[in-house]
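Structure at a glance
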Amino acid sequence: EVYRNLVVSLEEEFFLQGDQERELGLPIMPMMDSTKDSLAVGQDFFLTNLVRPLLDPCCFFLTPSLAETLKQHLENNRQSAVSIVGRRGSLTAKELFLQDS
């Protein structure tokens, strides 16, 4: 639940920035275009290729139990995002996550 709310909030912030860039006539940064992007769709890549490689070395300093718990939560969140996107398609995080709660 916390994870989903964070993704929705981050996507809203990204979209606000993209809207301001559009209004100023600036190029819109990747993942910040509210007319075509979805942070939810990118969660599999983000969690697998960015978060997990950063988490693994940090786990060396944690108790095995805590390290395993964090890795399991990460995997559960990844699987949840993949499942929701698979069922509902490429909608925004708000459309996917908050309606699927």
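On a predicted model such as this, the values are computed, not experimentally measured, just so you know.

Conventions used here
Along each chain, numbering runs from 1 in the same order as the chain's sequence is written. Where totals are concerned, whole chains, interfaces and linings use all residues; where local detail is concerned, this predicted model gives features only for residues with pLDDT of at least 70, and gives and counts side-chain atom pairs only at 80 or more. The side-chain numbers reported here are obtained from all heavy atoms of the structure, hydrogens and water having been left aside. Strands here are runs of E lasting at least two residues and helices are runs of H or I lasting at least four, both read from the DSSP assignment and numbered beginning at the N terminus. Working definition: with a 1.4 Å probe on protein chains only, accessible area under 20% of the residue-type maximum means buried, over 50% means exposed, and in between means partly exposed. One less than the number of residues in a helix, times 1.5 Å, gives the span that helix is expected to have. Between N-to-C directions, angles cover 0 to 180 degrees, with each direction set by a line fitted to C-alpha atoms, over the stretch in contact for helices. An angle below 35 degrees is read as roughly parallel, one above 145 as roughly antiparallel, one from 65 to 115 as roughly perpendicular, and any other as oblique. Should any heavy atoms of two residues lie within 4.5 Å, those residues are considered in contact. Residues are sorted three ways: Asp, Glu, Lys and Arg are charged, Ala, Val, Leu, Ile, Met, Phe, Trp, Tyr, Cys and Pro are nonpolar, and all the rest, Gly among them, are polar. Salt bridges are defined as contacts in which a side-chain nitrogen from Lys or Arg sits within 4 Å of a carboxyl oxygen from Asp or Glu.

1. As for the environment of serine 80
By secondary structure assignment, the location of serine 80 is in helix H3 (residues 64-88). For serine 80, a relative accessible area of 22% puts it in the partly exposed group. Separated by 36 residues in sequence, serine 80 and aspartate 44 have C-alpha atoms that sit 9.5 Å apart.

2. Some details on helix H1 (residues 2-23)
Over its 22 residues, H1 extends 32 Å from the first C-alpha to the last, a length consistent with the 32 Å expected when each residue adds 1.5 Å. Remark: glycine 25 follows H1 within two positions and exhibits a positive phi of approximately 75°.

3. Here's the deal with the packing of helix H2 (residues 43-59) against H3
Close contact between H2 and H3 brings their axes to 10 Å; oriented N to C, the two are set at 175°. Taken as axis vectors, H2 and H3 run roughly antiparallel relative to one another. Touching Gln43, Asp44, Leu47, Thr48, Val51, Arg52, Leu55, Asp56 and Cys59 of H2 are Ala67, Leu70, Lys71, Leu74, Asn77, Arg78, Ala81 and Val82, all from H3. For the contact of H2 with H3, the per-class residue count stands at nine nonpolar, three polar and five charged.

4. Looking at the pattern of salt bridges
Per the stated rule, a full pass over the model turns up seven salt bridges. Here aspartate 33 and arginine 22 are joined by a salt bridge, their closest N and O atoms 2.6 Å apart. With aspartate 33 in the loop between H1 and H2 and arginine 22 in helix H1, this pair connects stretches of sequence that are 11 residues apart. The partner of aspartate 56 in a salt bridge is lysine 71, and the shortest N-O contact between them spans 3.8 Å. Of this pair, aspartate 56 sits in helix H2 while lysine 71 sits in helix H3; the two residues are 15 residues apart in sequence, bridging distant segments of the chain.

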